[in-house]
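Structure at a glance
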Amino acid sequence: MHTTVQGTTTDPADADQQIIASVLAGDRDAFAVLIQRYSDPLYRHALGMTGSPDVAEDILQQSFIKAYSHLAEVRGRFDAWLFRIVANGCKDWLKNIRRTHVSYEEDDQPSNYATPDEDLDRSELRRDLDHALGRLAPSLREAFVMKHVEGRSYEEMADLLGTTVGALKMRVHRAREALQALLEEKYA
Amino acid sequence: MDNLNPDGGRGRARSPEPSPNHHPESLADREVALNGDGHPALAVQQWLDGEVSEAAARRANGRDVELWSRITEETERRRRMVTPSPVVERLMAAIPATRPAAPQSWWQRPAPFNTALAVVGGTVLLAAGAALGLMLR
């Protein structure tokens, strides 16, 4: 995706590099642009991986601090570099804690469902999906979240994770099979 | 207020997304195979990857397609979630006030020192000295 600024086309990677140069020159506030630009997809990733809004916020905070402190070391695409910091933060957290329950119930998104019954039905599915996701191996959960929650293509996932499209397809397929096995008794 | 549709509706097509190589004319051939010898579970996976139509997947395994339609509805809701505004403010507030450190070459970085490293280094030097002594005899 390209953005047009005053009639000129700017590649997002180039725009990031310009902001990084400003921050390195002492303009700390310019870093807010990078936070605004990337916090949503990264928050969704961290939330999908951990299931906890509080933990997702902590991981994002640590990741942005780390990114800021090591900003001079960025080589290549900033968004991919930042994604790897967040993804590693999520994996480290998963290594250190065994989750028995994850929930999206704390989110403050308004409900669009038509009737209280439908609302109840869907919140139950949310809870069960969270629980099932929490039982997947981190690599399978990561692949499923990137594909289905973040809506990324296999090519984009391969680029960010440094692996092959075939390997990621296999992970997503295995994640789906595992989720289906956990959910089909109740919902199919 | 949180933006529930941050990409202004221009985002990627909702799952199942069409594959770049998706051609309706070739799909027809595949639909026949899935209804016949194709594995029903594979048909659902292919539908979720945007490789076959929903109708073909339904013919192969309608029950699983129903389940995945519900799951997809929920994952799409999550895809529209954005970072709560107070979180964005807290993220910026947590950024250090000092300027990021300039990159240093490896020879400019302070050398790490600990007891284990000293023991290993001493052992290597002793071994090298002993080897040199043997060679000079």
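None of these values were measured; they are calculated from a predicted model. (Residues numbered from 1 in each chain as written. Chains lettered and ligands numbered in written order. Predicted model: local features only at pLDDT ≥ 70, side-chain atom pairs only at ≥ 80, totals over all residues. Heavy atoms only, no water.)

Helices and strands together make up the secondary structure of chain B, namely five helices and zero strands. Its helices and strands in sequence order give chain B the pattern α-α-α-α-α, from N to C terminus. Taking all 137 residues of chain B together, the buried fraction comes to 31%. Across chain B, every contact between residues at least 6 apart in sequence was considered, and the portion connecting residues at least 24 apart equals 53%. (Helix = DSSP H or I, 4+ residues; strand = E, 2+ residues; numbered from the N terminus. Buried < 20%, exposed > 50% of the residue type's maximum accessible area, 1.4 Å probe, protein only. Contact = heavy atoms within 4.5 Å.)

Turning our eyes to something else, we now look at the overall build of chain A. Within chain A one finds eight helices and two strands. Written out in order from the N terminus, the α and β elements of chain A read β-β-α-α-α-α-α-α-α-α. Counting all 188 residues of chain A, 48% fall into the buried class. The contacts in chain A between residues at least 6 apart in sequence include a share of 60% that link residues at least 24 apart. Put simply, chain A shows about 9200 Å² of open surface, and 48% of that area lies on carbon and sulfur atoms. (Areas by Shrake-Rupley, 256 points an atom, 1.4 Å probe, with all protein chains shown as cover.)

Right, let's talk about the packing of aromatic side chains for a bit. This model, assessed by the stated rule, comprises five aromatic pairs over all chains. Plain terms: the ring middles of Phe-144 of chain A and Trp-68 of chain B are 6.2 Å apart, the flat faces sit at 50 degrees to each other, and that makes the pair tilted. One end of the pair, Phe-144 of chain A, is in helix 6 (residues 138-149); the other, Trp-68 of chain B, is in helix 3 (residues 54-79), on a second chain. The exposure class of Phe-144 of chain A is buried, given its relative accessible area of 0%. Grouping aromatic residues by their ring pairs yields a cluster made of Phe-31, Phe-64 and Tyr-68 of chain A. When the ring centre of Tyr-154 of chain A is taken as reference, the NZ or CZ atom of Lys-147 of chain A above it lies at 4.3 Å. (Phe/Tyr/Trp six-rings, centres within 6.5 Å; stacked < 30°, edge-to-face > 60°. Lys NZ or Arg CZ within 6 Å of the ring centre and 35° of its normal.)

How big an interface is tends to be stated in terms of accessible area lost as the parts join. Across the contact, 58 residues belong to chain A and 44 residues belong to chain B. Summed over the shared surface of chain A and chain B, the result is six salt bridges. Where chain A meets chain B, there are 23 residue pairs in polar contact (both at pLDDT 80 or more). Of all elements in the fold, only helix 1 (12-24), helix 2 (31-50), helix 3 (53-69), helix 5 (116-134), helix 6, helix 7 (154-161) and helix 8 (165-187) of chain A reach the threshold of two or more residues within the side of chain A that touches chain B. Partitioned by chemical class, the residues of the side of chain A that touches chain B number 28 nonpolar, 11 polar and 19 charged. (Salt bridge = Lys/Arg side-chain N within 4 Å of Asp/Glu carboxyl O. Polar contact = N/O pair within 3.5 Å; in protein donor to acceptor, adjacent residues only side chain to side chain. Nonpolar A, V, L, I, M, F, W, Y, C, P; charged D, E, K, R; others polar.)

Glancing now at the packing of helix 1 of chain A against helix 2 of chain A. Residues and elements named next belong to chain A. Where helix 1 contacts helix 2, the two axes come as close as 8 Å, and the packing angle between them is 145 degrees. Residues Pro-12, Ala-15, Asp-16, Ile-19, Ile-20 and Val-23 of helix 1 pack against Phe-31, Val-33, Leu-34, Arg-37 and Tyr-38 of helix 2. Here the residues of the contact of helix 1 with helix 2 are counted per class, giving nine nonpolar, no polar and two charged. (Axes fitted to C-alpha atoms, helices over the stretch in contact; angles between N-to-C directions.)

Following the criterion strictly, the structure yields 18 salt bridges over all chains and no others. Asp-79 of chain A is the salt-bridge partner of Arg-77 of chain A, the closest N and O atoms lying 2.9 Å from each other. Residue class for Arg-77 of chain A comes out partly exposed when judged on its relative accessible area of 35%. Its salt-bridge partner being Arg-126 of chain A, residue Glu-74 of chain B comes within 3.6 Å of it at the nearest N-O pair. Here Glu-74 of chain B, found in helix 3, pairs with Arg-126 of chain A, found in helix 5, and the two come from separate chains. For Arg-126 of chain A, a relative accessible area of 16% puts it in the buried group. Taken together, the shared-partner salt bridges in this structure form one network comprising Arg-126 and Asp-130 of chain A together with Glu-74, Arg-77 and Arg-78 of chain B.

On the surface, a cluster of nonpolar side chains totalling about 380 Å² of accessible area is made up of Leu-132, Met-135 and Leu-136 of chain B. Here Leu-136 of chain B lies in helix 5 (residues 115-136). (Patch = residues over 30% accessible without salt bridge, like charges linked within 9 Å, V, L, I, M, F, W, Y side chains within 5 Å.)

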